[in-house]
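Listed below are the residues making up each chain.
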Amino acid sequence: MPEPLKILLVDDELVRTTMVEEALTQEGHEVICHLTSAASLNAMVERHGPDVVIIDMESPDRDTLDSMALLNRENPRPVVFFADQHDPDTLQAALKSGVSAYVVDGLVPSRVKSIIEVAVARFDAYQSLRQELDRTRTQLAERKRIERAKGLLMKHQDCDEEQAYRMLRKLAMDRGQRIGDVADSVIDILERLDKGAL
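Bear in mind the structure is a predicted one, so any value in this text is a computation, not a measurement. (Residues numbered from 1 in each chain as written. Predicted model: local features only at pLDDT ≥ 70, side-chain atom pairs only at ≥ 80, totals over all residues. Heavy atoms only, no water.)

### Side note on the side chain of D11
By the secondary structure assignment, D11 is in strand 1 (residues 6-11). A polar side-chain atom of D11 sits 3.0 Å from the main-chain amide nitrogen of E13. If sequence neighbours within four positions are ignored, D11 has contacts with R16, T17, V20, H34, L35, T36 and D56. (Helix = DSSP H or I, 4+ residues; strand = E, 2+ residues; numbered from the N terminus. Polar contact = N/O pair within 3.5 Å; in protein donor to acceptor, adjacent residues only side chain to side chain. Contact = heavy atoms within 4.5 Å.)

### With respect to the pattern of salt bridges
Under the criterion given, the structure shown has 12 salt bridges. Across the pair R145 and D184 runs a salt bridge whose closest N-O atoms are separated by 2.5 Å. One end of the pair, R145, is in helix 5 (residues 112-157); the other, D184, is in helix 7 (residues 179-197), with 39 residues separating them in the sequence. On the basis of relative accessibility, which here comes to 31%, the residue D184 falls in the partly exposed class. With a shortest N-O distance of 2.8 Å, E161 and K150 are connected by a salt bridge. On the criterion of sequence distance, the pair formed by E161 in helix 6 (residues 161-175) and K150 in helix 5 is long-range, its members being 11 residues apart. Classification of E161 as partly exposed rests on a relative accessible area of 40%. Given the relative accessible area of 5%, K150 is considered buried. Several salt bridges converge on common partners, so that one network encompasses R143, E147, K150 and E161. (Salt bridge = Lys/Arg side-chain N within 4 Å of Asp/Glu carboxyl O. Buried < 20%, exposed > 50% of the residue type's maximum accessible area, 1.4 Å probe, protein only.)

### Examining the packing of aromatic side chains
As enumerated under the stated definition, the model contains one aromatic pair in all. Between the aromatic rings of F81 and Y102, the centroid separation amounts to 5.5 Å while the plane-to-plane angle is 5 degrees, which identifies the pairing as stacked. Of this pair, F81 sits in strand 4 (residues 79-83) while Y102 sits in strand 5 (residues 101-104); the two residues are 21 residues apart in sequence, bridging distant segments of the chain. Here F81 and Y102 have matching classes, each one buried. (Phe/Tyr/Trp six-rings, centres within 6.5 Å; stacked < 30°, edge-to-face > 60°.)

### Things to note about the nonpolar core
Of all hydrophobic cores here, the largest spans 20 residues; its most connected members are L8, L41, V53, I55, M68 and F81. Of all the secondary-structure elements, those providing two or more residues to this core are strand 1, strand 2 (30-35), helix 2 (41-48), strand 3 (52-57), helix 3 (62-74) and strand 4. Apart from the residues lying within four places of it in its own chain, the contact partners of I55 are V10, L41, M68, V79, V80, F81 and F82. Of all hydrophobic cores here, the second largest spans 17 residues; its members include L9, F82, A101 and V103. (Core = buried A, V, L, I, M, F, W, Y, C linked by side-chain atoms within 4.5 Å.)

In short, the description is geometric, and any link to function would need to be established separately.
See below:
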């Protein structure tokens, strides 16, 4: 049995909110915060720390999309959006704002469980890809700095690439630092020397 989830619910209709809360409670989940608009969404997610955000409204307006985009940047969570109407442009805008699941024709209580499961799985997969992309970008940036430091060492020490790399590696071991950090120091020092020589 899946773990119960803490839900932040955004819905401006009282009757619909009650139905949604009942459907979620029947699945073992808990609505820990209810908002009538998405205006303070990011702040409320930060304060309450929900596992999932559910937004139920006719269609997301510009302010709601902006609130979801801010949430996605600052406090990413799986977001399930239940809309009453289908509009391809709005769907695309919602997905770009970080929505994990966009469901048209409103919320059907019997489908809540599977929709939340899909949204959480999609969110987790996206976060994993995002972290991998960040790691790859960081490694690439470090690789470029190491190459730049090697080039400067080759010029200043009149050595080949392998000797320059060995110098960087030895400096890193002697200082107990990562080779990328040593490369930054070498670049800083040797570029200042070059500027002073002009």
